[in-house]
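Tertiary structure, described
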Amino acid sequence: MSYFTIEGRRPLKGEITISGAKNSGLKLMVASLLSKEPLILHNVPNIADIHTMCNLLTTLGKTVTKGADTHSLIIEGPVTSIEAPYDIVSQMRASILVLGPLLARSGEAKVSLPGGCAIGTRPVDLHLKGLEILGAEIELENGYINAKAPRGLAGGRITLPFASVGATENLLMAACLARGTTEIINAAREPEIADLVQCLNAMGARITGEHTGNLTIEGVESLHGAEYSVMPDRIECGTYACAAAITGGDLLLKGGRLLDQEAVMIALQKMGANVSEDEQGLRVSASQNLVGIDLMTEPYPGFPTDMQAQFMALFAVAEGASMITETIFENRFMHVPELNRMGANINIQGRSAIIRGVPRLSGAPVMATDLRASFSLILAGLVAEGTTILNRVYHLDRGYEGVERKLANCGASIKRIEEAA
Ligand code: EPZ
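Residues numbered from 1 in each chain as written. Predicted model: local features only at pLDDT ≥ 70, side-chain atom pairs only at ≥ 80, totals over all residues. Heavy atoms only, no water.

Looking at an unreviewed UniProt entry, the chain carries the name UDP-N-acetylglucosamine 1-carboxyvinyltransferase, with the source organism given as Aristophania vespae. Quoted verbatim from the Subcellular location (unreviewed entry) field of UniProt, the annotation for the chain is "Cytoplasm". Its UniProt record, at the heading Pathway (unreviewed entry), says of the chain: "Cell wall biogenesis; peptidoglycan biosynthesis." (UniProt positions renumbered as here; feature names shortened; annotations may be inferred.)

Right, here's the structure in full:
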């Protein structure tokens, strides 16, 4: 297992190129199941979750090859298996997204139930209820979802009680090949949904309403191949923006876009950071002490839960008190005890955390628990006095490409140490 050592208190200065979005790239890859013609994807991040998705698609019969450059993939060929097995789904929950496309394309699917994870129980009931409205027959047996649509799926009106990102994506992909028109009311509005809609439309789907929360999908007989470039990762961009702010640095985040993450950038500005946008991307700097604010995580366009842990690190060293209320996941404060071990003063009260800023953190051995929590510990390590040792960096490798390279190029002292197995 590898770990990072970080020597803190160095302002980050320079440029970081933002990679393609994990949470879009994964879904665009799944969309390839809807056609046997090649789907050529560009700007795909080189991260562990993408490799897991390549593995899953290969298991289902697709051929996945490298494209013209290291960030391009070509996915093609027929689906030859309808089973997403436990050993892959248990590595990555996003595997559940093959359910809708497999069902629409092959009339049946067998997908392992994902189960809970470090940030919450994360049921998939909304995915299943929506597919039933489209005519699927679903049974849960031996830890698997067995879904059938022997006569194909038929369009319907689905109202989501909560704007779930994953349920919206699963139902959207299934509806592309359903007979007639489907409406998804209270659909998620995250920018990754619009990216998926644009890719599906490039493949011949007929979808409208991607920014409105109400999607209309006119089913078509078949989809064809397409070439599409994954959007920049707004969460990676927001994370490095926090790195600039917490170290009193100045970073140009190349490819970052304000329109994908206004809530995050407004929060940084309220704390005293400077944010500007030009044709190259976003520039974030901080020349004064940050001040604490209150935040609540919400579905897009609200403040994203995937940035909550990173802001917790910022608040830990900001002047005054801050409060974060987490409304999306019920157990997403696992980084708090680790930040407190570094000298932070954070108390959890139910779904809220109260953070009283301290003048300085001190380096310590800490343990990553999930992807975003891991980065909050890196941020704390970048500003702490002394050495921080971050264990379990495989969580980071799932979703951030080249973390130590990107940070070290801007002046951070961060090293990956590979431990012999
Ligand atoms: C996506 O997860 C992202 N994952 C998450 O990013 C992100 O935190 C989340 O959306 C919210 O923005 C990917 O895109 C791969 P949801 P997803 O369905 O689709 C409940 C990261 O760090 N719910 O919107 O699973 C659920 O339990 C990851 O990159 C149900 O109750 O999110 C949760 O509390 C972590 N029933 C809430 O809704 C359902 O059927 C939000 O889930 C579905 C969801």
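Here the narrative resumes, following the displayed structure.
So, the overall build of the chain
A count of helical and extended segments in the chain gives 14 helices and 24 strands. C-alpha atoms of the chain, sized along the principal axes, occupy 65 × 45 × 45 Å. Expressed as a percentage of its 421 residues, the buried residues of the chain come to 57%. In the chain, 36 side chains carry a positive charge and 45 a negative one; their mean positions are 2 Å apart. (Helix = DSSP H or I, 4+ residues; strand = E, 2+ residues; numbered from the N terminus. Buried < 20%, exposed > 50% of the residue type's maximum accessible area, 1.4 Å probe, protein only. Lys, Arg positive; Asp, Glu negative; His and termini not counted. Charge placed at Lys NZ, Arg CZ, Asp CG, Glu CD.)

With respect to the site of the ligand
By nearness alone, 21 residues border the ligand, and Lys27, Asp125, Ser164, Asp306 and Ile328 come closest of all. Here a nitrogen atom of the ligand and a backbone polar atom of Pro123 are 3.2 Å apart. The separation between an oxygen atom of the ligand and a polar main-chain atom of Ile328 is 2.6 Å. Contact with the protein chains removes 84% of the 830 Å² of surface that the ligand exposes when unbound. Among the elements of the structure, helix 1 (22–31), helix 5 (125–133) and helix 6 (165–176) are those that each provide at least two residues to the shell around the ligand. Its residues placed into classes, the shell around the ligand shows nine nonpolar, five polar and seven charged. (Near = heavy atom within 4 Å. Polar contact = N/O pair within 3.5 Å; in protein donor to acceptor, adjacent residues only side chain to side chain. Areas by Shrake-Rupley, 256 points an atom, 1.4 Å probe, with all protein chains shown as cover. Nonpolar A, V, L, I, M, F, W, Y, C, P; charged D, E, K, R; others polar.)

What about the UniProt feature "binding site: phosphoenolpyruvate" (unreviewed entry) in the chain?
The positions that UniProt labels "binding site: phosphoenolpyruvate" (unreviewed entry) are, in the present scheme, Lys22 and Asn23. Its place among the elements puts Lys22 in helix 1. Setting aside anything within four residues of it in sequence, one finds Lys22 in contact with Pro45, Ile47, Asp49, Asp233, Leu371, Arg372, Arg398 and Gly399. A polar contact of 2.8 Å, which involves the side chain of Lys22, links it to the side chain of Asn23. Its location among the elements puts Asn23 in helix 1. Those residues in contact with Asn23, other than ones at most four positions away along the chain, are Glu169, Glu192, Asp306 and Arg372. (Contact = heavy atoms within 4.5 Å.)

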